[in-house]
Amino acid sequence: MPAKIIDGKKMAQELREQLAEKIKKLDKKPHLAVILVGNNDASSIYVRNKQKAALEVGMDCNVYHLSEHTGQEDVLDLVNRLNVNADVDGILVQLPLPAHIDSEVIINAVDYKKDVDGFGPYNAGLLANNERAMVAATPKGVWYMLKKTVGDLTGKHAVIIGRSKIVGRPTASLLLNHDCTVTITHRQTRNLQDFCKQADILIAACGCPKLVKKDWVKDGAVVIDIGMNRLDGRLCGDVDFEEVKEVASYITPVPGGVGPMTIAMLLENVYDSCHSIRKIEK
Ligand code: GUN
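What comes next concerns the included structure. (Residues numbered from 1 in each chain as written. Predicted model: local features only at pLDDT ≥ 70, side-chain atom pairs only at ≥ 80, totals over all residues. Heavy atoms only, no water.)

Reading across the sheet, the six strands line up as 1-11-8-7-5-6 and stay open at both edges, with parallel pairing between neighbours. Both outer strands of the open sheet, strand 1 (4–5) and strand 6 (181–185), are each paired with one neighbouring strand and no more. Along the sheet, helix 6 (residues 137–149) makes contact with strand 7 (201–204), strand 8 (222–225) and strand 11 (250–251), crossing strand 8 at roughly 155°. (Pairing = 2+ DSSP bridges. Helix = DSSP H or I, 4+ residues; strand = E, 2+ residues; numbered from the N terminus. Contact = heavy atoms within 4.5 Å. Axes fitted to C-alpha atoms, helices over the stretch in contact; angles between N-to-C directions.)

Turning to the sheet that holds strand 3 (residues 60–66), a few remarks are in order. Ordered by their spatial adjacency, three strands build an open sheet running 3-2-4, and the pairing between neighbours is parallel. Looking at strand neighbours, the two that pair on one side only are strand 3 and strand 4 (90–93), the edges of this open sheet. The average angle at which neighbouring strand axes cross in this sheet is 15°, direction not considered. Alignment of strand 2 (residues 31–37) against strand 3, held across seven bridges, turns out to be parallel. Each bridged residue has a counterpart across the sheet, and for Val34 the counterpart in strand 3 is Val63.

A complete count under the given rule lists twelve salt bridges for this structure. Across the pair Asp89 and Lys28 runs a salt bridge, and its minimum N-O distance is 2.8 Å. Of this pair, Asp89 sits in the loop between helix 3 (72–84) and strand 4 while Lys28 sits in the loop between helix 1 (8–24) and strand 2, placing them 61 residues apart in sequence. What makes Asp89 buried here is its relative accessible area of 0%. Ionic pairing is found between Lys140 and Asp272, a salt bridge with its closest N-O pair at 4.0 Å. Taken as a pair, Lys140 in helix 6 and Asp272 in helix 10 (residues 258–277) lie far apart in primary sequence, 132 residues in all. Overall, the relative accessible area of 14% leaves Lys140 in the buried class. Residue classification places Asp272 among the partly exposed positions, given a relative accessible area of 36%. (Salt bridge = Lys/Arg side-chain N within 4 Å of Asp/Glu carboxyl O. Buried < 20%, exposed > 50% of the residue type's maximum accessible area, 1.4 Å probe, protein only.)

Shown next, in the form of C-alpha cells:
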C-alpha cells in the first residue's frame, strides 16, 4: 500500500488559525523584525512568505531590507537596536548573509529572548541539554508532524541525513529529548544507504535532489523530506518521492510538507517570545 501523505500545508493552516485566535486575545500584537541583506532570490521569497503569514495571523512584522554592500558593523548595529527596542518580540536574520559578513557574529548578537530562529548558542545549548529553549522552526515542525502521525516516539530509530546548525543538529537534539534513538549522518558517512535502511524515521536534510531511493528505506518507515531543490526547473526534495512512497508508511511531499510547517512554528516562537517577555493577556 502506498504511503500516506503528511499534509504540512493543512496542518500549518490549522496551527495558524489557532494562533490567530490566541493573538486576538492579546492586548499587544506580537512583533517580528526580519533582517534581509542583499537580493538572494530564494531568501526574498522566504522573507515575503514569512511576513505575509505573520500579518495574516495578526502580528506586526517589519522587514529591514539592507543593501548587498552593507557592512557587518551596520548589520550588528541594527541587531543591537532591535535587541533594545521594547516593542520588538522576535528578531530573525535571514540566512545566508553575503560572504563579507560573518553570520556567526550576527546570529550570536541576537538577544536570546528574541532569538525566534533558535540559532544562537544560548538556545542551541539549552536544547542540547534538554532544557526549555526556543527551538528552531524546521525541527519543531518536523517533531510536530511526527507526533501527529507516529504518536509516541519512544525508542524509534531516527536517522538524519545532514548535520547543519539550522536543521540536522537541532532535529537530532529534539528527537533525542523525546526518547528516540538518533543517528546523524553526513557527507562523510560511509555506507549511508545502510544507515538509512535501519531507520524507523528517516529525515533527509542534505540538499541533494532525490538522493534517497526506494531501496534505502525500510518497509513502513516514516520519511520526512526537508530538502528544497530545483531539478530541471521543478521543485523537489532530497527524497525520490515517487519511488519511496511505495515503501514508506508516511511521507512528506515537497512542496507542501515541511516548508509550511516551518513558517507556522516560527510564528509560534514569536508568540511565545512575546509572552515570555511580557504578560499581555486581556
Ligand atoms: N535560511 C534558510 N532557512 C532559514 C531559516 O529557517 N531561518 C533563517 N533565518 N534563514 C534561513
